[in-house]
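# Descriptive analysis of the structure
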Amino acid sequence: MMVPEKYEIFYPNVYTPEEQAAIDRMLSGKQGPPGGPGGPGGPPMMKEQVYQKEKLNEVVMRMYAERIIPENPLYNDPEYAKNTRWGGLISAPLYQECFTLTTWNAPLPEGLGGPSHGYAGVPFMLVEEWEFTRPIRPGEFLRAYRHRPTLTKDNSDDSDGICRFTFMSHDVDLIDEAGDVIARSRCYLRMWLSHFKAEPKAPHDPVYTKERLAEIQRIYENEEIRGAVPRFIEDVQAGDSLTPAVLGPTTVWDMVVMTVGRQDQKLLPMQELRSQPNGPSVPDPVTGVPKCFMECHLANDTAHTLGLPNAIHAGAVDRSLLVRIVSNWMGDDGFITSFHWRPLWDTYVGDTLFASGAVESVDVERGECLLSLELHNQDGEQTAAAQVRVRLPKRD
């Protein structure tokens, strides 16, 4: 999968012999990621992480659902949920990310670790893949097995000389008490090693008229939540369109809500983060104060340090809209069995995202259909694409 052209613009780069040796060690597996063993070239391993039942209580699951798909009572109203085919509250689609996102950092050699070292090492997500066999219920006991990440070089030695890599940052199985794999997640990143200079960029501040804001609100109010009305597989045809969905214009508050709801980040004070080895910090070039990397989603000044025009959306913000349009369409009886998505264009705080989709194929015998989805911003630029497989009930 190709990264959009705008991501292939680099500053002139010539590696020193020491830098090239570090890159060679990384590729040969003699240097793993910061923070411990098990990275590319490390010993074959599966790292187990056990989640206590407190992590799977009803309150926490509802907290996630209310921040991701607040409009759908199936995932956050126990009284409503007990009258559905599920007989009770179930996890919202992709709640599994709360257990699978924590992983190793990209294994950059020392001195080539990102803007704080003068090099571009910030990754760009290529694709994220999810597979599901069933939803999660409150009170379950789950284990996550994290397979060793992999790293491959993408460009030949006779190219422009800038090293580009595909980094599978996580490959995780989520396993229940019976020993069954109920979900699997993989994430592939594109990263590069290049001399980095955060050039000032024009601010990204979309302006909306009252009429435009009213139009966006109408789309939101016209979203159809199928809910308790079953959508039978026999009634689905290739080419059927999904009712559009919209998110935005986003503000910093949307980023805060997403961060709290996902629960994948430990919300520790910055003093504590700075004391941790390889803490996620980005030194402010003006004040010298290290800031959390995640602040690039919340604060323009941190985003500017990374060469971004403004605070950038967390990928989960855009993905949540893709989840919502599917959840709206499939109804309470539907279930997402696979979700593959890829970002195509950066989105920033202040953008508005419009989701659309259509049925690509239908397998009545298996009771499944494949949906193709797209996201576009307020300027009509496509920002993401997804393919989602959904299991629907049969009439018999």
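This write-up is about the structure you can find in this document. In this text the structure is predicted, and so the values were computed from the model without any measurement.

What counts as what
Residues numbered from 1 in each chain as written. Predicted model: local features only at pLDDT ≥ 70, side-chain atom pairs only at ≥ 80, totals over all residues. Heavy atoms only, no water. Buried < 20%, exposed > 50% of the residue type's maximum accessible area, 1.4 Å probe, protein only. Helix = DSSP H or I, 4+ residues; strand = E, 2+ residues; numbered from the N terminus. Arc of directions from axis to C-beta. Salt bridge = Lys/Arg side-chain N within 4 Å of Asp/Glu carboxyl O. Phe/Tyr/Trp six-rings, centres within 6.5 Å; stacked < 30°, edge-to-face > 60°. Lys NZ or Arg CZ within 6 Å of the ring centre and 35° of its normal. Contact = heavy atoms within 4.5 Å. Polar contact = N/O pair within 3.5 Å; in protein donor to acceptor, adjacent residues only side chain to side chain. Core = buried A, V, L, I, M, F, W, Y, C linked by side-chain atoms within 4.5 Å.

The subject of this paragraph is helix H2 (residues 58–68). Taken residue by residue, H2 has Val-60, Met-61, Tyr-64, Ala-65 and Ile-68 as its buried positions. Down the axis of H2, the buried side of the element spans an arc of 135°, and every buried residue falls inside it.

Using the criterion set out here, one finds 16 salt bridges in the structure. Linking Glu-71 and Arg-324 is a salt bridge whose minimum nitrogen-to-oxygen distance equals 4.0 Å. Of the two residues, Glu-71 sits in the loop between H2 and helix H3 (78–81) while Arg-324 sits in helix H9 (residues 315–330), which places them 253 residues apart along the sequence. With its nearest N and O atoms 3.9 Å apart, the salt bridge here joins Asp-171 to Arg-186. Within this pair, whereas Asp-171 is found in strand S6 (residues 163–175), its partner Arg-186 is found in strand S7 (residues 181–195), the two being separated by 15 residues in sequence. Salt bridges here are not isolated pairs; linked through shared partners, they connect Glu-129, Asp-171, Asp-173, Arg-184 and Arg-186.

Now for the packing of aromatic side chains. What the rule picks out here adds up to three aromatic pairs. For the pair Trp-130 and Phe-132, a centre-to-centre distance of 5.8 Å together with 10° between the ring planes defines the contact as stacked. Overall, the relative accessible area of 0% leaves Trp-130 in the buried class. The ring of Trp-86 has Arg-85 sitting right over it, with the charged end atom 4.1 Å from the ring centre.

Moving on: the environment of Leu-174. In this fold, Leu-174 is placed in strand S6. Between the C-alpha atom of Leu-174 and that of Tyr-145, which follows or precedes it by 29 residues, the distance is 6.5 Å. Once residues within four sequence positions are removed from consideration, Leu-174 is found in contact with Gln-96, Phe-99, Ile-136, Leu-142, Arg-143, Ala-144, Asp-180, Val-181, Ile-182 and Ala-183.

Moving on to the side chain of Thr-347. If you trace the backbone, Thr-347 turns up in the loop between strand S11 (335–343) and strand S12 (353–363). A residue is classified by how much of its surface remains accessible, and Thr-347, at 4% relative accessible area, is buried. Among the polar contacts made by the side chain of Thr-347, one reaches the side chain of Asp-318 at a distance of 2.7 Å. Once residues within four sequence positions are removed from consideration, Thr-347 is found in contact with Ile-312, His-313, Asp-318, Leu-353 and Thr-383.

Counting residues in each nonpolar core, the largest one holds 59 residues, and the members touching the most others are Val-326, Trp-329, Phe-339, Leu-371, Leu-373 and Val-390. Here this core gets nine residues from one element, more than from any other, and that element is H9. The contacts of Leu-373, once residues within four sequence positions are left out, are Leu-242, Leu-322, Ile-325, Val-326, Ser-356, Gly-357, Ala-384, Ala-385, Ala-386 and Val-388. Among the nonpolar cores identified, the runner-up in size contains seven residues, and Cys-296, Ala-303, Ile-312 and Tyr-348 belong to it.

Honestly, that's just the spatial picture; any functional story needs more than this.
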